[in-house]
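Below, each chain spelled out in residue letters.
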Amino acid sequence: MAPMGIRLSPLGVAVFCLLGLGVLYHLYSGFLAGRFSLFGLGGEPGGGAAGPAAAADGGAVDLREMLAVAVLAAVRGGDEVRRVRESNVLHEKSKGKTREGAEDKMTSGDVLSNRKMFYLLKTAFPSVQINTEEHVDAADQEVILWDHKIPEDILKEVSAPKEVPAESVTVWIDPLDATQEYTEDLRKYVTTMVCVAVNGKPVLGVIHKPFSEYTAWAMVDGGSNVKARPSYNEKTPKIVVSRSHSGMVKQVALQTFGNQSTIIPAGGAGYKVLALLDVPDKSQEKADLYIHVTYIKKWDICAGNAILRALGGHMTTLSGEEISYTGSDGIEGGLLASIGMNHQALVRKLPDLEKTGHK
Ligand SMILES: Nc1ncnc2c1ncn2[C@@H]1O[C@H](COP(=O)(O)O)[C@@H](OP(=O)(O)O)[C@H]1O
Ligand SMILES: [Mg+2]
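- Where an unreviewed UniProt entry is consulted, the protein appears under the name Golgi-resident adenosine 3',5'-bisphosphate 3'-phosphatase, with the organism given as Microcebus murinus.
- According to UniProt, the comment filed for the protein under the heading Cofactor (unreviewed entry) is "Mg(2+)".

1. Focus: the side chain of R229
Working step 1: Structurally, R229 is set in the loop between β11 (227-228) and β12 (238-242).
Working step 2: Here the side chain of R229 touches A287 through a polar contact of 2.8 Å, landing on its backbone oxygen.
Working step 3: Non-local contacts of R229, meaning those with residues more than four positions away in its chain, are made with A275, L276, L277, D278, K286, A287 and D288.

2. Considering the pattern of salt bridges
Any two side chains of opposite charge can pair, on the condition that their charged atoms come close.
Working step 1: Considering all chains together, one arrives at 21 salt bridges under this definition.
Working step 2: Two residues, K149 and D147, come together in a salt bridge whose shortest N-O distance is 3.8 Å.
Working step 3: A salt bridge links R243 to E181; the shortest N-O distance between them is 2.8 Å. Pair noted here: R243 is in the loop between β12 and α6 (249-257) and E181 is in helix α5 (residues 179-183), with a separation of 62 residues, a long-range link.
Working step 4: The exposure class assigned to E181 is buried, which follows from its relative accessible area of 2%.
Working step 5: In this structure, a network of salt bridges that share partners links the residues E80, R83, R115, K116, D140 and E142.

3. Some details on the site of ligand 1
Working step 1: Surveying the vicinity of ligand 1 reveals 20 residues, the closest of which are E100, S242, H245, G268 and K272.
Working step 2: Here an oxygen atom of ligand 1 and a backbone polar atom of T179 are 2.8 Å apart.
Working step 3: H245 is positioned such that a nitrogen or oxygen atom in its side chain is 2.6 Å from an oxygen atom of ligand 1.
Working step 4: Sorting the residues of the shell around ligand 1 by element identifies β6 (169-177) and α7 (269-274) as the ones contributing at least two each.
Working step 5: With three residues, β6 is the largest single contributor of residues to the shell around ligand 1.
Working step 6: Looking at the shell around ligand 1, its residues break down into five nonpolar, nine polar and six charged.
Working step 7: Residues from two domains meet in the shell around ligand 1; each of domain 1 (61-224) and domain 2 (227-356) gives at least three.

4. Considering the state of the cysteines
Working step 1: The final tally for this structure, using the stated rule, is one disulfide.
Working step 2: Across the disulfide from C195 sits C302; the S-S distance is 2.0 Å. Handedness of the C195-C302 disulfide follows from its S-S torsion of about -45°: it is left-handed. Of this pair, C195 sits in strand β7 (residues 191-198) while C302 sits in helix α8 (residues 298-310), and the two are 107 residues apart along the sequence.

5. Re the packing of helix α2 (residues 63-87) against helix α3 (residues 108-124)
Working step 1: One can describe the packing of α2 onto α3 by two numbers: an axis separation of 8 Å at closest approach and a directional angle of 160°. Relative to α3, the element α2 lies roughly antiparallel. α2 and α3 meet at a crossing whose hand is right-handed. Of the residues in α3, those touching α2 at V69, A70, L72, A73, A74, R76, G77, G78, E80, V81, R83 and V84 are S108, G109, L112, S113, K116, M117, L120, L121 and A124.

Rules used in this analysis
Residues numbered from 1 in each chain as written. Chains lettered and ligands numbered in written order. Predicted model: local features only at pLDDT ≥ 70, side-chain atom pairs only at ≥ 80, totals over all residues. Heavy atoms only, no water. UniProt positions renumbered as here; feature names shortened; annotations may be inferred. Helix = DSSP H or I, 4+ residues; strand = E, 2+ residues; numbered from the N terminus. Polar contact = N/O pair within 3.5 Å; in protein donor to acceptor, adjacent residues only side chain to side chain. Contact = heavy atoms within 4.5 Å. Salt bridge = Lys/Arg side-chain N within 4 Å of Asp/Glu carboxyl O. Buried < 20%, exposed > 50% of the residue type's maximum accessible area, 1.4 Å probe, protein only. Near = heavy atom within 4 Å. Nonpolar A, V, L, I, M, F, W, Y, C, P; charged D, E, K, R; others polar. Domains from an automatic or database assignment. Disulfide = S-S within 2.5 Å. Axes fitted to C-alpha atoms, helices over the stretch in contact; angles between N-to-C directions. Parallel < 35°, antiparallel > 145°, perpendicular 65-115°, else oblique. Left-handed = near helix turned anticlockwise from the far one by under 90°.

This is the structure we're talking about:
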């Protein structure tokens, strides 16, 4: 007998408890979801506390936030690259040989820049796939928090957030492009790069020059801080090519465009894409086309591909195929990068490398 003469039925008590638990579960899960969406999408740029920018369990990511973190990562990585070079202690090692037999080098600059860049991006966007040139040492983690500030120049150009599903995103990091030239102290060629691909298409690219502290960024259908030059020489172009992984590129370029065209050998895929643009940096040479004929990896080219696409240019294989930035790390078909020109007409001019044996 309960107090005041009320009898409690055991079945009634059980049903009541179950209902209560249900209400509590509903409230609690809603609260957690609200917390995550605040971090990821709805929060005011610049105002939020440090923490992940996207839900750890997937959800959506904002490409404008990814651009802000990508620029920060490229700059922070670049600080490491510069610091190591200025110390003159590079701890140069070989990772093996390229298919053509060149040394594939790695230095402390590559490793330390990679650590900074990878963990900045991974901490801000834990649920996205990140592919990076260098090995990430899980025992040597560094949690670097992004302060959720989006720089003014990005806010000015990209006026609204742009959400995409986290699982559609692949990030490509090159912590030190032109490592060969870095070891030779040819500083102007060196860049750090971040690229974001959505469903394999390059949509956002950052190329940073650590020694002149110049940064170019662009987002497809978003905005950019760099643009194409007003005109390009299509008839007798200046063609920028690799100085350390050249293969038969000079023969291919001269055979296609004639002896009146000029070949500019240069280090770094990032540097070579910047050569096609209107870049204020004094150490930057200018060219009309970028051609590469040997195997190359996606972290070397994705950022440049995204920037060119955002500005109306193109980067394809030499046979004109678009490059997909998912799956395998490398591409076999060489590269042709152009802007302000008829890209498909250029492709038609090039010889078939399989047939001519110029690969
Ligand atoms: N045949 C090849 N095999 C492997 N990597 C290559 C390559 N050709 C170019 N690369 C890489 O692409 C980047 C640009 O090359 P290049 O300066 O010769 O144009 C360099 O990246 P890293 O310096 O990041 O290794 C270089 O190692
Ligand atoms: Mg590289």
